[in-house]
Protein chains: 2
Amino acid sequence: MTDRYASFVQSGAGRALVKRLGLPDPPRLRRHTPGDPLLPGPVLLGAAGGSRLAVQVGRMLLDAGVELRDTPASGDPDPTTGQLPKNGALVYDATGVTDSTGLRQLYDFFHPQARAVLPSGRVIVLGTPPAECGSPREATAQRALEGLTRSIGKEFGRGVTAQLVYVTRAGDAGTPTSLEATLRFLLSGRSAYVSGQVVRVGAGPAAVPADWNRPLAGQVVLVTGAARGIGAAVARVLARDGAQVVALDVPSAGDALAAVVNEIGGTAVQLDLTGPDAPTRLADHLADRHGRVDVVVHNAGITRDRTLGRMDADRWDSVLDVNLSSQERINDVLWERELIPEGGRLVAVSSIAGIAGNRGQTNYATSKAGVIGLVDSLAPALAGRGISVNAVAPGFIETRLTARVPLVIREAGRRMNSLAQGGLPVDVAETIGWLAWPASGAVSGNVVRVCGQSLLGA
Amino acid sequence: MTDRYASFVQSGAGRALVKRLGLPDPPRLRRHTPGDPLLPGPVLLGAAGGSRLAVQVGRMLLDAGVELRDTPASGDPDPTTGQLPKNGALVYDATGVTDSTGLRQLYDFFHPQARAVLPSGRVIVLGTPPAECGSPREATAQRALEGLTRSIGKEFGRGVTAQLVYVTRAGDAGTPTSLEATLRFLLSGRSAYVSGQVVRVGAGPAAVPADWNRPLAGQVVLVTGAARGIGAAVARVLARDGAQVVALDVPSAGDALAAVVNEIGGTAVQLDLTGPDAPTRLADHLADRHGRVDVVVHNAGITRDRTLGRMDADRWDSVLDVNLSSQERINDVLWERELIPEGGRLVAVSSIAGIAGNRGQTNYATSKAGVIGLVDSLAPALAGRGISVNAVAPGFIETRLTARVPLVIREAGRRMNSLAQGGLPVDVAETIGWLAWPASGAVSGNVVRVCGQSLLGA
């Protein structure tokens, strides 16, 4: 469950050897601890001519206690050393770019700053969703931003992540209210293992929390598969952030589940989700104890790997049922019984295998691709009620399951990403947390990979 | 420019060694020669209950001279050997799947057939675009098909490819007319290096050719960057398929361009596309000689690699201008001067780097991501005129450029895909050809990777 190579490399003795031999060099990632400042250094904020978000974003960052620089005035080289001052993040508002020649402005901003980003720093580019653009030329240029940010994610190294955030022109989006949750997540250590992503921020309603250190205060959250691994991390992180957690797992995992629940002060539900009366029993429990469920985290999942030619029908059926069909049945019953209030959140766990497919996992990949379909189809259907639907798609995460993978394949999976290491369950949990916040109402219909920008994809 | 390892492996001596050492085993791919039968064996056609395309597809395949089997009657094991008869392709109409439990029908179809596909065989699943589905459950199940087909592409091996084709419910789509071109391409050797793709077939008008061996008969086709590599292969393939080719390249490549043109009987245009008067001069040439251009293949492209911190502005500007902005300028002038007739075709060359980003290629990846934006934005804008807009995104293709890549990186790029080898320029050319056919009018807004289902992605 641990990455011994990364620990070695991050030690003094390891560093020298890694440099000499040109070995992979996984950086120590900045992760979130409550009370942390948002960033380890200033934000350099730039904007293309005619952009619409930078002023609001600057004000928001100042209010959040971030030191703000604008370029070039405060970004000039030190007259003695010739070095640029280092930044915790480079944020660029590219919404003013209306054709491909205007992309030059991003080169002008990022080129001199490429080596002036602190370790585990952040690069964030803000754009307009291409489908909302007024002309093919503008849509083309806005779509091109994706190639830039993904390349930066692969280039900058040292734990620096890069994301493109498309912010709708509709409604009050782009105001601090709707964008703030996403920017706070992406700038903070919460997003340590999220890189190379395209996030879409829409016009949904967002509620600013009284305390950004407890963004889930008062929320009733159901986490399935909560006894171990990613699910247990989700329960812990969401409880830390203020949620009342209802932790669910199968009866055979009862002891582990009880341990999690005792640690975080939540309640436990022992239930096999594939049972015919499971949705009703779950709904009864939620109705009786809480009267509602604000956030549903569909995390429970299993693998039963075989190539398709060697796969018996039971492996197919059980994986599809646990990972996909049971989610649908539960959603339907919770919905029918009106247990998900206005402003509710559904967050499902997909997988890179659901995006790219995987050898020996036709069942798993089919189920996890279905989870993406669930997000795509439910998000617009529930938007009118202010309910958001999103998924995370973990890449290589260090868990009990991946610890069993043979060494060579495990090492390949661990290193084949921009951060040269596997993620931790807490990284997936933090991402789920962000999507669950009342403040994240403008984020719906997203599938966010938590994969360190894995090379693997479709 | 050649893959010596693959040649060795495909020889008698190599085969034994590869088996003993467990080395990558690149199969010899079936490629297209005019007059070839569509497939090396029968098609096993299956359908989920309530599907809407199978009958039409079956009739179309019979008309195309394909031997058709249906399951299980003609797909039973040989009573003596217990072996199933081998198929050239497995085609499954999944449009009848309306919820996740219905996906079991695909398991039932594919599981017994997984080892009964001939080398370089084909797996094609037909579905309904999730956005057109009547319920979230149906959309979820249809989206799940992607995980299945991509996994099959990674599992089956021996040059077998797997694709998902989403066929619109609108208009006359799904009839042989609109779907036939795509099925013929995907079943044939023309699609040798295309795997793991999702193709969308819409309702655009499609013209059935008099002779499927000359699907571009009478079409005037412009190919930019035609002197060498992929562009030269495009010129050859499109001429072979009946097109009158106007081959364009920079004056410094004049000799190579002349050689291509002499070989195929086309005409040459020596022009630097970045010159201020280039679009006008090109339009003049097309107007004077042909009065129109039915197909524009935007292939010309350059790389000027450096990490962003070390990249001078000229590298940025030249790559963006050649690969993206000049395409936009040419499109605009051709459009204004009404040189692209109803039923015209634009086909652009993107890249896997435009999808996934690439270290050292911020400029190239930005330009190639922009090409995707160009397809996404122009396709709906031109649909009313029956003009289709698509792109191909090549992965590792064996060219002069890739031959210069250092050995280890080259080998990684070559083998990290489901076919364990690099593609050939002709593979990209055949894919462009399909998108250029008058018969492919129902295919617009697609970005089709020609990458052997590379592991690399976003």
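Once a new chain begins, its residue numbering starts again from 1 and follows that chain's sequence as written. Written order determines the labels here, with chains lettered from A and ligands numbered from 1. Reporting in this predicted model follows two pLDDT cut-offs: at least 70 for local features of residues, and 80 or more for side-chain atom pairs to be given and counted; totals over whole chains, interfaces and linings ignore these cut-offs and use all residues. Only hydrogens and water are set aside; all other atoms, that is, all heavy atoms of the structure, feed into the side-chain values.

Going by the annotation in an unreviewed UniProt entry, the name recorded for chain A is 3-oxoacyl-[acyl-carrier protein] reductase, with Micromonospora matsumotoense given as the source organism. UniProt positions are given in the numbering used here, feature names are shortened, and annotations may be inferred rather than shown by experiment. UniProt, in its Sequence similarities (unreviewed entry) section for chain A, records the words "Belongs to the short-chain dehydrogenases/reductases (SDR) family."

Residues and elements named next belong to chain A. Within the sequence span of helix H8 (residues 254-264), burial applies to Gly 254, Leu 257, Val 260, Val 261 and Ile 264. Projected onto a plane normal to the axis of H8, the buried residues spread over an arc of 125° and lie on a single side. The exposed set on the far side of H8, more than 90 degrees from its buried face, consists of Asp 255, Asn 262 and Glu 263. Contacts between residues were defined by any pair of non-hydrogen atoms, one from each residue, lying within 4.5 Å. Starting at the N terminus, helices and strands are each numbered in turn, a helix being any DSSP run of H or I of at least four residues and a strand any DSSP run of E of at least two. As for H8, its buried residues are in contact with helix H7 (229-240), strand E8 (244-249) and strand E9 (267-270). At the C-terminal side of H8, Gly 265 shows a positive phi close to 75°. The classification of residues rests on relative accessible area computed with a 1.4 Å probe and restricted to protein chains. Under 20% of the type maximum is buried, over 50% is exposed, and intermediate values are partly exposed. The reported arc concerns the directions from the helix axis to the C-beta atoms and nothing else.

Once that is clear, we can look at the UniProt feature "domain: Ketoreductase" (unreviewed entry) in chain A. With numbering matched to this structure, UniProt assigns "domain: Ketoreductase" (unreviewed entry) to residues 219-395 of chain A. Taken as a whole, residues 219-395 of chain A contains 48% helix and 18% strand, while its terminal C-alpha atoms sit 28 Å from one another.

Further remarks concern the packing of aromatic side chains. Classification of ring pairs uses Phe, Tyr and Trp, with its six-membered ring standing for Trp, and accepts pairs whose centres are within 6.5 Å; under 30 degrees between planes counts as stacked, over 60 as edge-to-face, and the remaining range as tilted. This model, assessed by the stated rule, comprises 12 aromatic pairs over all chains. Taken together, a centroid distance of 4.8 Å and an interplanar angle of 45° make the contact between Tyr92(B) and Phe109(B) tilted. In this pair, Tyr92(B) is assigned in strand E3 (residues 87-93) and Phe109(B) in helix H4 (residues 104-110), connecting sequence segments 17 residues apart. Note on Phe109(B): relative accessible area 5%, which makes it buried. Seen from their ring centres, Trp212(B) and Trp437(B) are 5.9 Å apart, and the 65° between their planes marks the pair as edge-to-face. Of this pair, Trp212(B) sits in the loop between strand E6 (197-201) and strand E7 (220-224) while Trp437(B) sits in the loop between helix H15 (425-436) and strand E13 (447-450), and the two are 225 residues apart along the sequence. Like Trp212(B), the residue Trp437(B) is buried in the burial classification. Through a chain of ring-to-ring contacts, three or more aromatic side chains come together here, namely Tyr92(A), Phe109(A) and Phe110(A).

Hydrogen bonds along the backbone pair up the strands of a sheet, which may run parallel or antiparallel. Residue and element names in this part refer to chain B. Here we have 7 strands laid out as an open sheet, ordered E9-E8-E7-E10-E11-E12-E13, and parallel in their pairing. Two strands close off the open sheet at either side, each with one partner strand: strand E9 (267-270) and E13. Neighbouring strand axes in the sheet, compared pairwise and without regard to direction, differ in orientation by 20° on average. In the sheet, strand E8 (residues 244-249) pairs with E9 via 4 bridges, with the strands oriented parallel. In this scheme, strands are said to pair when DSSP sees at least two bridges between them. Between N-to-C directions, angles span 0 to 180 degrees; the directions come from axes that are lines fitted to C-alpha atoms, helices contributing only their stretch in contact.

Attention now moves to the interface of chain A and chain B. Contacts between the two partners involve 67 residues from chain A, matched on the other side by 67 residues from chain B. Summed over both sides, the interface of chain A with chain B buries roughly 5400 Å², with 56% coming from carbon and sulfur. Taken as a group, Tyr107(A), Glu155(A) and Leu308(A) account for 12% of the area that chain A buries against chain B, more than any other trio of residues on that side. Put simply, a salt bridge is a Lys or Arg side-chain nitrogen that is within 4 Å of an Asp or Glu carboxyl oxygen. Residue Arg104(B) pairs with Asp317(A) through a salt bridge whose shortest N-O separation is 2.6 Å. What qualifies as a polar contact is a pair of N or O atoms within 3.5 Å, subject to a donor-acceptor requirement within protein and to the restriction that residues adjacent in sequence count only when both atoms come from side chains. For the interface between chain A and chain B, the tally reads 42 residue pairs in polar contact (both at pLDDT 80 or more). Buried area: the sum, over both parts, of the accessible surface (1.4 Å probe) that disappears when the two are put together.

Overlaying chain A on chain B yields an RMSD of 0.0 Å, the required transformation being a rotation through 180° with an accompanying axial translation of 0.0 Å. The superposition of one copy onto the other is thereby described by a two-fold rotation axis. Within chain A, the C-alpha atom positioned nearest to the axis of rotation is that of Gly457(A), 1.8 Å from it. Comparing interface residues between copies, 100% of those in chain A also sit at the interface in chain B, which points to an isologous, same-surface contact. Each copy is superposed on the other by least squares, with the fit set by C-alpha atoms of residues at a pLDDT of at least 70 in both.

It is worth spelling out the pattern of salt bridges at this point. A complete count under the given rule lists 48 salt bridges over all chains for this structure. Put simply, Asp99(B) and Arg137(B) hold a salt bridge, and the shortest N to O gap is 3.9 Å. You can see Asp99(B) sitting in the loop between E3 and H4 and its partner Arg137(B) sitting in helix H5 (residues 136-155), a full 38 residues away along the chain. The network of salt bridges with shared partners includes Asp3(A), Glu398(A), Glu411(A), Arg414(A) and Arg415(A).

What follows deals with the side chain of Gln361(B). Looking at where Gln361(B) falls in the secondary structure, it is placed in the loop between helix H11 (352-356) and helix H12 (362-382). In this structure, Gln361(B) is in contact with Ser151(A), Glu155(A), Thr303(B), Asp305(B), Arg306(B), Ala353(B) and Thr366(B), ignoring residues within four places of it in sequence.

All names here are of chain A. Where a domain begins and ends is set by an automatic assignment or by a domain database. Along its sequence, chain A is carved into domain 1 (39-77 + 84-201) and domain 2 (220-450). Computed over C-alpha atoms only, the centres of domain 1 and domain 2 are separated by 30 Å. Facing the 18 residues of domain 1 at the interface are 24 residues of domain 2. Each partner contributes to the roughly 1800 Å² buried at the junction of domain 1 and domain 2, and carbon and sulfur atoms together form 60% of this total.

Here the focus is the confidence of the model for chain A. What pLDDT conveys is the predictor's confidence in a given residue, as a value from 0 to 100. Here chain A averages 93 in pLDDT, and 97% of its residues register 70 or above. For this predicted complex, the interface confidence comes out at an ipTM of 0.95, alongside a pTM of 0.95.

Residue and element names in this part refer to chain A. Inspection of the secondary structure assignment puts Leu 424 in the loop between helix H14 (407-415) and helix H15 (425-436). When the C-alpha atoms of Leu 424 and Ala 131 are compared, they prove to be 35 Å apart, with 293 residues separating the residues in sequence. Residues in contact with Leu 424, not counting those within four places in the same chain, are Arg 31, Ile 397 and Glu 398.

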